[in-house]
Amino acid sequence: MLALLAGCASRGQISVPEGEAASRWQTFVERSGRPATYDVLSGSLRFGPADNTRRVTYVLWSGRPVDPALSEEEHEPAGLETAESGMPDDERIIRLEVNAGVGANVAKALFENGRMLLVLPRDEKAYVGMESTDNLRRLLGLPLPLRMRCLNDFLAGRYLAALDSPSPERYLSGSDGNIVYSYRRDGLRYELELNAEALPVRWSADGRWTLDMDYDDNALPRRLDGTMEAENGQLRMVLLVKGREPSDNLSGGHLELEVPAAFPVYSLDQ
């Protein structure tokens, strides 16, 4: 770890003692590894071009299937079989409900094993396909900074897993005593800034998103504020967590998403 964290400071930045940087990273790893509670989250999401964002409310929850030996047929007509995408298998199923206004449901979504099913009640349509950057851009108008599994992990406090367990290559001083750790993955340069409590307060992917984070009294995320420079201008995403409820209160079948028989199902992968 000490070897990985070795680095030199850029002009205008102060180097951090090696022991302090390693100690804070280790605290971050230990914090991220604590048992997580995947609550039912509710809040608001604002996204789109920075000068023309749309606001919706959401409810997000997740869990593992009761019977891990479920057959593919039980997922029809969506066909959410394990995707041949090179993505690791993840048994956690994520459900998302999106509303615009009071009681006006505009979307229901299910994410499982790198694939997604989206049902649009107003349009009386459904879409199924890979949970890819391109597909999310087609549906939302912008790519999300994190896959839904990673976002779900991050909001539950499993920060290291959410960021795919990065290995820092160098570190520099940040603001207010923070430490900025740099790493690379798939040819891209990333930065993760940890505050004095070893909580991530800023994460950036070179040429993609920059996310600022804020936390509640339990050191769990309550606000993710992101920007991204795109060809047609800056994109913005602000996710607020306003409520956390125990998932034990969910009724049976809460991880299922049925497509009404009259709804046509379109593929996003064609």
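Here the residue numbering is sequential within each chain, running from 1 through the sequence in written order. Only residues with pLDDT of at least 70 are given local features in this predicted model, and only at 80 or more are side-chain atom pairs given and counted; all residues enter the totals for whole chains, interfaces and linings. Calculated side-chain values reflect all of the structure's heavy atoms, with hydrogen atoms and water omitted.

Topic: the side chain of Asn152
Here is the rule: Helix and strand labels come from DSSP, where a helix needs a run of H or I of at least four residues and a strand needs a run of E of at least two; each type is numbered from the N terminus. Under this definition, polar contacts are N or O atom pairs within 3.5 Å; protein pairs additionally need one hydrogen-donor-capable and one acceptor-capable atom, and for neighbouring residues in sequence, both atoms have to be side-chain atoms. Note on contacts: a residue pair qualifies if any of its non-hydrogen atoms lie within 4.5 Å across the two residues.
Tracing the sequence through the fold places Asn152 in helix α3 (residues 148–155). In terms of polar contacts, Asn152 uses its side chain to reach the side chain of Ser62, at 3.0 Å. If sequence neighbours within four positions are ignored, Asn152 has contacts with Tyr38, Leu60, Ser62, Arg92 and Ile94.

A closer look at the packing of aromatic side chains
The criterion, for reference: Pairing of aromatic side chains requires ring centres within 6.5 Å, counting the rings of Phe and Tyr and the six-membered ring of Trp. Pairs whose planes differ by under 30 degrees are stacked, by over 60 edge-to-face, and all others tilted. Each residue is assigned to one of three classes by its accessible area relative to the maximum for its type, calculated with a 1.4 Å probe on protein chains only: buried under 20%, partly exposed between the two thresholds, exposed over 50%. A positively charged side chain is recorded as over a ring if its NZ (Lys) or CZ (Arg) lies within 6 Å of the ring centre. The angle to the ring normal must also be within 35 degrees.
In the structure shown here, the tally under the stated rule is seven aromatic pairs. Consider the rings of Trp25 and Phe28, whose centres lie 5.0 Å apart with planes at 55 degrees: the pair is tilted. Of this pair, Trp25 and Phe28 both sit in helix α1 (residues 18–32), three residues apart, which is roughly one turn of that helix. Both residues of the pair, Trp25 and Phe28, belong to the buried class. Arranged with centres 6.0 Å apart and planes meeting at 90 degrees, the rings of Tyr159 and Tyr215 form a pair that is edge-to-face. Of this pair, Tyr159 sits in helix α4 (residues 159–162) while Tyr215 sits in strand β11 (residues 209–215), placing them 56 residues apart in sequence. A residue is classified by how much of its surface remains accessible, and Tyr159, at 1% relative accessible area, is buried. Here Tyr215 falls in the buried class, since its relative accessible area comes to 10%. The ring of Tyr38 has Arg92 sitting right over it, with the charged end atom 3.6 Å from the ring centre.

So, α1
Selection rule: A helix's residues, less one, multiplied by 1.5 Å, set its expected span.
Relative to the 21 Å expected for 15 residues at 1.5 Å per residue, α1 spans 21 Å between its end C-alpha atoms, a close match to the ideal helical length. Turning to α1, its buried residues number three or more, namely Ala21, Ala22, Arg24, Trp25, Phe28, Arg31 and Ser32. Tucked into the core, α1 has its buried residues touching α4, β7 (170–173), β8 (179–185), β9 (188–194) and β10 (200–205).

Observations concerning the nonpolar core
To be explicit about the condition: Definition used in this section: a nonpolar core is a set of buried Ala, Val, Leu, Ile, Met, Phe, Trp, Tyr and Cys residues joined via side-chain atoms within 4.5 Å.
Counting 59 residues, the largest nonpolar core has Trp203, Met237 and Leu239 as the members making the most contacts within it. Sort the elements by how many residues they give to this core and α3 lands first, with five residues. Excluding anything up to four places from it in sequence, Leu239 contacts Ser44, Leu45, Tyr58, Leu151, Leu155, Arg222, Arg223 and Leu224. If you look at the next biggest cluster of nonpolar residues, it comprises twelve residues, including Leu117, Val128, Leu257 and Phe263.

Concerning the pattern of salt bridges
Spelled out, the test is: Any Lys or Arg side-chain nitrogen located within 4 Å of an Asp or Glu carboxyl oxygen qualifies as a salt bridge.
All told, the structure shown has 14 salt bridges when counted by the stated rule. Connected via shared salt-bridge partners are Arg149, Asp153, Arg158 and Asp164.

Re the environment of Lys108
Relative to the helices and strands, Lys108 is located in strand β4 (residues 105–112). Taking the C-alpha atoms as reference points, Lys108 and Glu97, separated by eleven residues in sequence, lie 4.7 Å from one another. A distance of 3.2 Å separates a polar atom in the side chain of Lys108 from a polar atom in the side chain of Glu97.

Here we look at the pairing of β8
Condition: For two strands to be treated as a pair, DSSP must find no fewer than two bridges joining them.
Buried residues dominate β8, accounting for five of its seven residues. Looking at chain direction, β7 and β8 are connected through four bridges and run antiparallel. In the sheet register, Leu172 faces β8, and the bridge partner there is Val180. Linking two consecutive strands that pair antiparallel, namely β7 and β8, is a turn of five residues; a positive phi of about 55 degrees is found at Asp176 within it. In textbook terms, the turn of a hairpin is the stretch between consecutive antiparallel strands, and for β8 and β9 this stretch comprises two residues, one of which, Asp186, has a positive phi near 55 degrees.

Some points on the pairing of strand β5 (residues 115–120)
Most of β5 is tucked away, with six of its six residues classed as buried. Where β4 meets β5, five bridges bridge the pair, whose relative direction is antiparallel. Along β5, the bridge assignment pairs Ala109 with Leu118. Two successive antiparallel strands, β4 and β5, enclose a turn made up of two residues, where Asn113 displays a positive phi of approximately 50 degrees. Inspection of the sheet shows β5 paired to strand β6 (residues 125–130) by six bridges, in the antiparallel sense.

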